[in-house]
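Structural characterization, general
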Amino acid sequence: MKRVAILISGGGSNMLALVRDMAGDHPARPVLVGSNDPGAGGLAKAEALGIPTAALDHRAYASRAAFEADLADRIDAARPDILCLAGFMRILTPGFIRRYQGRMLNIHPSLLPKYPGLQTHARALAAGDTAAGCTVHEVTADLDAGPILGQARVPVLPGDTEDSLAARVLGMEHRLYPAVLRRFAAGDRTPVLLS
Ligand code: GAR
């Protein structure tokens, strides 16, 4: 059985989708949910499910490296085989990424390589795109540019706002990330494609 740690910064809806899927014949189980924000709504949801949590406040650290050193200690104490970033909104240093390289995944709300970084839905709307979506990729030192493990596409509809498009994409995120994690935990990196 593979052990999975999940890092969040917010509501944790992707974390919940991953955790709910990790049951029965799934090859992995959640061992830790960590956050850089003790107020992240997802922490209470993880606790309610009986999953150990680690709440660190990145603002309390003198440097990014000091924050990451503590975070890595908490993660390593849980002995995860796989680390899933699920709405984790801190940039990670190359040292942290090297430590988990090959076993760290991220979900990003765009069809990468389009729109790395922030404001993905606003940028898709401004460009007049007719399709949007989300991507799960391996985390490498290049921001939002590691090998793609899965992608899901949704239409952009007439009258869409940033919020309506974000909600449609988020619904697909909740299908895509569990599907990719299931495959990845079984040792299969073939990309999952959903639409
Ligand atoms: C998700 O839409 C995720 O793709 C995005 O943050 C949201 C978190 O929602 N991640 C990024 O933008 C990463 N750069 P959640 O906390 O409900 O899972």
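In what follows, the accompanying structure is described. (Residues numbered from 1 in each chain as written. Predicted model: local features only at pLDDT ≥ 70, side-chain atom pairs only at ≥ 80, totals over all residues. Heavy atoms only, no water.)

Okay, the pairing of strand 6 (residues 131-138) next. Among the 8 residues in strand 6, 7 count as buried, and that is most of the element. As paired strands, strand 5 (residues 104-108) and strand 6 are joined by 4 bridges and run antiparallel to one another. When the bridges of strand 6 are listed, Asn106 appears paired with His137. Pairing geometry for strand 6 and strand 7 (residues 148-155), over 7 bridges, is antiparallel. Counted as the bridge partner of Ala131 is Pro155 from strand 7. (Buried < 20%, exposed > 50% of the residue type's maximum accessible area, 1.4 Å probe, protein only. Helix = DSSP H or I, 4+ residues; strand = E, 2+ residues; numbered from the N terminus. Pairing = 2+ DSSP bridges.)

Let us look at the pairing of strand 1 (residues 2-8). Across the 7 residues that make up strand 1, a large majority, 5, are buried. Here strand 1 runs beside strand 2 (residues 28-35); their pairing, made up of 7 bridges, is parallel. Its bridge partner lying in strand 2, Ile6 is registered against Val33. Of the crossover connections in this fold, the one passing from strand 1 over helix 1 (residues 13-21) to the parallel strand 2 is right-handed. Here strand 1 runs beside strand 4 (residues 82-85); their pairing, made up of 4 bridges, is parallel. (Right-handed = clockwise from strand over helix to strand, strands pointing away.)

We now examine the pattern of salt bridges. All chains considered together, the criterion is met by 7 salt bridges. Asp21 serves as the salt-bridge partner of Arg182, at 2.9 Å between the closest nitrogen and oxygen. In this pair, Arg182 is assigned in helix 6 (residues 162-185) and Asp21 in helix 1, connecting sequence segments 161 residues apart. Residue classification places Arg182 among the partly exposed residues on the basis of a relative accessible area of 29%. A salt bridge links Asp160 to Arg168; the shortest N-O distance between them is 2.7 Å. Classification of Asp160 by relative accessible area gives buried; the value is 15%. (Salt bridge = Lys/Arg side-chain N within 4 Å of Asp/Glu carboxyl O.)

Bringing the sheet that holds strand 7 into the picture now. The strands making up a sheet associate through backbone hydrogen bonding, with each pair oriented either parallel or antiparallel. Spatial strand order, 3-2-1-4-5-6-7-8: 8 strands in an open sheet with mixed pairing. The open sheet has two free edges, formed respectively by strand 3 (53-55) and strand 8 (192-194), since each of these has just one partner strand. Neighbouring strand axes in the sheet, compared pairwise and without regard to direction, differ in orientation by 15° on average. With 3 bridges joining them, strand 7 and strand 8 adopt parallel strand pairing. Its bridge partner being in strand 8, Gln151 is matched across the sheet by Leu193. The strands touched by helix 1 within the sheet are strand 1, strand 2, strand 4 and strand 5, with strand 1 carrying the most contacts at an inclination of about 165°. This element, helix 6, spans strand 1, strand 2, strand 4, strand 5, strand 6, strand 7 and strand 8 of the sheet and lies at about 155° to strand 7. (Axes fitted to C-alpha atoms, helices over the stretch in contact; angles between N-to-C directions. Contact = heavy atoms within 4.5 Å.)

Taken residue by residue, helix 1 has Asn14, Met15, Leu16, Ala17, Leu18 and Val19 as its buried positions. Packing partners of the buried residues in helix 1 comprise strand 1, strand 2, helix 2 (41-48), strand 4, strand 5 and helix 6.

Purely spatial values, then, with no claim about function.
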